[in-house]
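Descriptive structure summary
In case you want the letters, here they are:
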Amino acid sequence: SAPLGRRGAVPTTFAVRPAKTAMTTLAPTAPAVPRRAIVSEEDMHEWLASPACAELISFVNTLADSMVGVDTSSAPAASPGLCALMAKLEKLNALADAHPAQRGIPALGVGLSVRYGDPAFRAWHDAMSESAADEMAEFVASGGVADAAAHGEEIARYWVDSFGSRARLDYGTGHEATFAIALLVACKVGAIDLSDAVDCKALAATVLPAYLALSRRLVAQYRLEPAGSHGVWCVDDYAFLPFLLGAAQLESHQQLRPRGALDADIVQCYADKYLYLDQIRHLVATKASCASFEETCPILTDIARLSKSWAVVRRGLSALWVAEVLGKYPVAQHILFGKTFAFTPSGAERGTMSEPAEVVEDDAIQAHWPEPPPHRPGAASGAGKGVLSAGAPVSIVALVHQLFGGGAGYSQAQASVHVRAGGGGLPGSEAAARWEAIEDEAAAIRAGNAGGTPVSSRAPGGATPSPATRPGGGIGGPEETSAGGIRIHQWTIKSTQRPLADATELATLAEELGSSFTFPEMAFLQNHLTLCFEPSDAVGEGKRPLCIRLDAAGALRGCALLHGERLLADPRAPTPSALRLPDAGRWEARLQALAAALPHVDVQSERADSSDWTFSTTYRGTFKFGADGAQGGGGEIAAAAPSSKKIDYELLKQKDPILWSEEVPLFESELDDNGISILSARVRVMNSAWFALMRFWLRVDGVLVRVHDTRLFHKFGESTVLVEYTTREDTFAALAARGLPTEPRAYLDPNTVVHTLTLTHKHVDELPLLG
């Protein structure tokens, strides 16, 4: 069958029936009370091609459209009908107060300890269900709709199923989708006027966040099990719509990009305003004790790293929502259909359909998926869960890489989930044209990224936005650059990210460092972060402006050795101590024994290294005067002078909005499975200042943990840039003596352990802006 987006049954936008008109005549098989209709895998193909499914997709897309540019912390005021609905959600919160958890908190050793499911949820659910019909009738009546009791009873059936399963003590994306259907039915009967732009925004930006907050509370309070959990191989076990609607919110944002979702500072700064980042904050808070975000949420990590714009994220999530929620039989079998939201599979018309048996109390009915093989987060392999497709199941990992990363597999990925971006639109319609434009933009971004050509940001009409049209633009205000960056207060701050260095690039650098130089497994030689001061002629006449560049090649030059001495070293930074593995002595003894036993064979008992095998660089960046400094060549070296000044960390702690941020990987090595060595640079730009951190992180298992931090700070209006360099390290023996863990897995994330390490060196320099 044709993709949903191409079918004539899909409306351009969600059409709302006026409150006082008669309802459309439906099929005689449509039940008065909503019930299940999908009872087999065969029904799934009919369901995905049905007008009901298209209507639901279009409804969610309409909500997403209304969220573009909306700040949830200052959402529009709701109409009386929506206020009544909010009041119902508040009542359910109060009901949760009246039904506290019975089994206590296992982590505190209180009460009966179980991993999932508190029976107190059933008491809460019973109390909620008992009054649901009356509450929904009251809500419908508040919208001035006739026959409120009948409509309220229909909506109540969806309402009851929106907060988790009483029998299984679980909650998941299927329950969330049921709440969306409840809102859809309320709109169709006239209780909510979706044609009112203000009401539409309030529904998406006020009611849905309130529902999500209540759902999170119920999951936490009653420890509800994730329904049909895919483990880490899903966007989120419990929620999907906050990501989809949240991506739409950020679609028009001038500075925030998808990679910002991996930046803790960005998330903390904007979580109260944007659903996507709020959900990320919630996941970090609930899963941080288990492992890093990359390990617990690899799909979200891949989406953030692969996507070049929020339009790409929204389009991909629209397809994934259909594939992973509406297109999964374990979820879709629980969807209810009635007079207003109707679907009758052909099996029912032939008389072969039977109502599924009621779920028996405490039955462990759940969709179990086979565990994927071990997989490194971010790798495009066949691991993960299959999704419904036209042919064989598609790995969700591969699907994510195709949908969000583009490339040759993108069209196949679209076809595999039977849906166009955003839920469709009739060919030639305004909605279809809008999504065609978004897809064209995404294709241009992918083509630009593949070819190394910067893609300029576009205004809605396709033109490059002028400073006057950008938030905060104009003199001294922030402007987006044409190559992934920002211009603000006479500074141009840019980042460049490209694939891993190929053999030609490595050979070119090896000619400079020596043919025997050992490179890390992952070297991003084209990646760099540049911060260049670009004053006007009046300010900089006769002077050369400062340009700072952080790149991998400069850092690796600091690792090259000649006769055990570093070829390039910072004179103010202590030379990192040479490290040996715990078994190094035993290996040397074996080599010496071998040399003695085989005198006629030249056995190399000592190794003359041409590079530091741990890549412990003291590189602080390349500082030059002149425009050529941004390219890494030319320009005069800018000498950093010792300074008694300090970075204004109190200023950085303030809630100053982050206008632009980026993290750039420079190199990474697993040290032949003996630990990890990583160098990366990150920057954030605020209205008052910019701050950059280049961090070298080393863990040699059983030997040592080391951190070299270079912090660069400039407060707009001042004449210098401060450069703070610190080194911290501890041996595993020293960590054990202080009662700290010595297992390598305790030292996976430098952000969580850096301040527990011993500070071994610190100095501060300053650089003049003009030289």
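Scroll up for the structure.
First, a word on what this report is: a plain description of the structure on this page.

Thresholds, definitions, all that
- Residues numbered from 1 in each chain as written.
- Predicted model: local features only at pLDDT ≥ 70, side-chain atom pairs only at ≥ 80, totals over all residues.
- Heavy atoms only, no water.
- Axes fitted to C-alpha atoms, helices over the stretch in contact; angles between N-to-C directions.
- Helix = DSSP H or I, 4+ residues; strand = E, 2+ residues; numbered from the N terminus.
- Parallel < 35°, antiparallel > 145°, perpendicular 65-115°, else oblique.
- Left-handed = near helix turned anticlockwise from the far one by under 90°.
- Contact = heavy atoms within 4.5 Å.
- Nonpolar A, V, L, I, M, F, W, Y, C, P; charged D, E, K, R; others polar.
- Buried < 20%, exposed > 50% of the residue type's maximum accessible area, 1.4 Å probe, protein only.
- Salt bridge = Lys/Arg side-chain N within 4 Å of Asp/Glu carboxyl O.
- Polar contact = N/O pair within 3.5 Å; in protein donor to acceptor, adjacent residues only side chain to side chain.
- Disulfide = S-S within 2.5 Å.

**Topic: the packing of helix 5 (residues 148-160) against helix 6 (residues 173-188)**
Contact pair helix 5 / helix 6: the axes reach a minimum separation of 8 Å and the direction vectors enclose 165°. Looking at the two axes, helix 5 sits roughly antiparallel to helix 6. Judged by the twist between their axes, the crossing of helix 5 over helix 6 is left-handed. Facing helix 5, whose interface residues are Glu154, Ile155, Tyr158 and Trp159, helix 6 presents Thr178, Phe179, Ile181, Ala182, Val185 and Ala186. Across the contact of helix 5 with helix 6, the residue classes tally to eight nonpolar, one polar and one charged.

**What to know about unusual backbone geometry**
Positive phi outside glycine occurs at Gln490, with the angle close to 65°. Overall, the relative accessible area of 37% leaves Gln490 in the partly exposed class. Phi angles above zero are rare outside glycine, and Phe615 is one such case at about 60°. Along the chain, the position of Phe615 falls in the loop between helix 22 (584-597) and strand 15 (622-625). Residue class for Phe615 comes out buried when judged on its relative accessible area of 3%.

**Concerning the pattern of salt bridges**
Counting across every chain of the model gives 32 salt bridges. Asp265 serves as the salt-bridge partner of Arg684, at 3.8 Å between the closest nitrogen and oxygen. Pair noted here: Arg684 is in strand 19 (residues 675-686) and Asp265 is in helix 9 (residues 264-270), with a separation of 419 residues, a long-range link. You can call Asp265 partly exposed: its relative accessible area is 34%. Among the ionic contacts, a cluster of salt bridges with common partners joins Arg695, Asp709, Arg711, Glu724 and Lys762.

**Observations concerning the side chain of Asp612**
Along the chain, Asp612 turns up in the loop between helix 22 and strand 15. A relative accessible area of 10% places Asp612 in the buried class. One polar contact links the side chain of Asp612 to the main-chain amide nitrogen of Ser616, over a distance of 3.3 Å. Non-local contacts of Asp612, meaning those with residues more than four positions away in its chain, are made with Cys559, Leu561 and Arg566.

**Side note on the state of the cysteines**
Note on terminology: a disulfide is the covalent bond linking the sulfur atoms of two cysteines. Within this structure, the stated rule accounts for one disulfide. Disulfide partner of Cys532: Cys547, at an S-S distance of 2.1 Å. Taken together, the positions of Cys532 in strand 11 (residues 528-533) and Cys547 in strand 12 (residues 546-551) put the pair 15 residues apart, joining distant regions of the chain. When its relative accessible area of 7% is taken as the criterion, Cys532 is described as buried.

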